[in-house]
Amino acid sequence: MKKITKDTYYVFWSHARSYRGLVFLIVFSIAAEGIVRTVIPLFYKRFFDTLYSGAQGNPAMLVHALTITIVAILALDMASWLFHRVETAATNTFTPRVWRDLTNTCFSYLHRHSYGFFAGNFVGSLVRRVNKLADAFEGISERMFSDILPIVIRISAIIIILS
């Protein structure tokens, strides 16, 4: 990895680190949702196993067991939805705050430059570069929280359940 890329990631991390609580809440919600989503098919398996094995037995017991399984599936699905909503709300709070901090840091850095720097560079392009940096953080955090972390958690949960 190039030094400039490492430096950019360090700047992103240093700004995101000030919101540890939100990062923890996002990661916890993603993990909880992934685990719950991985466990739900086990309850579907239990439903069909109960349906198959109970076809010869008492119909009242069968209905009761199937009802409990369906309610458990519903509760797990609602918990998954709740974790997803918490993660979305935390992400929608976290990303704009870090974006704001990044742009403020960049503009305060630019303000320390001399007049000759601004005479040689078009100010509009400097603003565009600052916004590109902040947008890059948004894209990286989106990839991390929406793609990489859920996949890692789901694969880990599946491996643990199947072993």
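Before going further, it helps to examine a nonpolar patch on the surface. Taken together, L42, I158, I161 and L162 make up a surface patch of nonpolar side chains, about 360 Å² in accessible area. Among the structural elements, L162 can be located in helix α5 (residues 123–162).

Moving on, we come to the packing of aromatic side chains. Summed over the entire model, instances satisfying the criterion amount to seven aromatic pairs. Where F12 meets F137, the ring centres are 5.5 Å apart and the plane angle is 65 degrees; that geometry is what we call edge-to-face. Highlighted residues: F12 in helix α1 (residues 3–16) and F137 in helix α5, separated in sequence by 125 residues. Look at F12 and you get buried, because its relative accessible area is 4%. Arranged with centres 6.2 Å apart and planes meeting at 85 degrees, the rings of F28 and F83 form a pair that is edge-to-face. Pair noted here: F28 is in helix α2 (residues 20–53) and F83 is in helix α3 (residues 59–111), with a separation of 55 residues, a long-range link. Residue F28 is classed as partly exposed on the basis of its relative accessible area, which comes to 45%.

The next subject is the environment of A90. Position of A90 among the secondary structure elements: in helix α3. C-alpha separation for the pair A90 and T38, spaced 52 residues apart in sequence, amounts to 22 Å. Once residues lying within four places of it in the same chain are set aside, the contact partners of A90 are L22, L25 and I26.

With that settled, consider the pattern of salt bridges. Within the structure shown, the criterion is met by five salt bridges. A salt bridge links D7 to K3; the nearest nitrogen and oxygen atoms lie 3.1 Å apart. In this pair, D7 and K3 are both assigned in helix α1, four residues apart and thus about one turn of the helix distant. K3 sits in the exposed class, given a relative accessible area of 61%. A salt bridge links D101 to R100, with the shortest nitrogen-to-oxygen separation between them at 3.5 Å. Exposure remark for D101: the relative accessible area of 17% places this residue in the buried category. We classify R100 as partly exposed; its relative accessible area is 41%.

A few words on the nonpolar core. Nonpolar side chains in soluble globular proteins tend to be buried together. One finds I26, I30, F94, V98, F137 and F145 to be the most contacted residues of the largest nonpolar core, which totals 15 residues. Only α1, α2, α3 and α5 provide two or more residues apiece to this core. V36, I40, I73 and L76 belong to the second largest nonpolar core, which has six residues in total.

So, how was this worked out
Residues numbered from 1 in each chain as written. Predicted model: local features only at pLDDT ≥ 70, side-chain atom pairs only at ≥ 80, totals over all residues. Heavy atoms only, no water. Patch = residues over 30% accessible without salt bridge, like charges linked within 9 Å, V, L, I, M, F, W, Y side chains within 5 Å. Areas by Shrake-Rupley, 256 points an atom, 1.4 Å probe, with all protein chains shown as cover. Salt bridge = Lys/Arg side-chain N within 4 Å of Asp/Glu carboxyl O. Helix = DSSP H or I, 4+ residues; strand = E, 2+ residues; numbered from the N terminus. Phe/Tyr/Trp six-rings, centres within 6.5 Å; stacked < 30°, edge-to-face > 60°. Buried < 20%, exposed > 50% of the residue type's maximum accessible area, 1.4 Å probe, protein only. Contact = heavy atoms within 4.5 Å. Core = buried A, V, L, I, M, F, W, Y, C linked by side-chain atoms within 4.5 Å.

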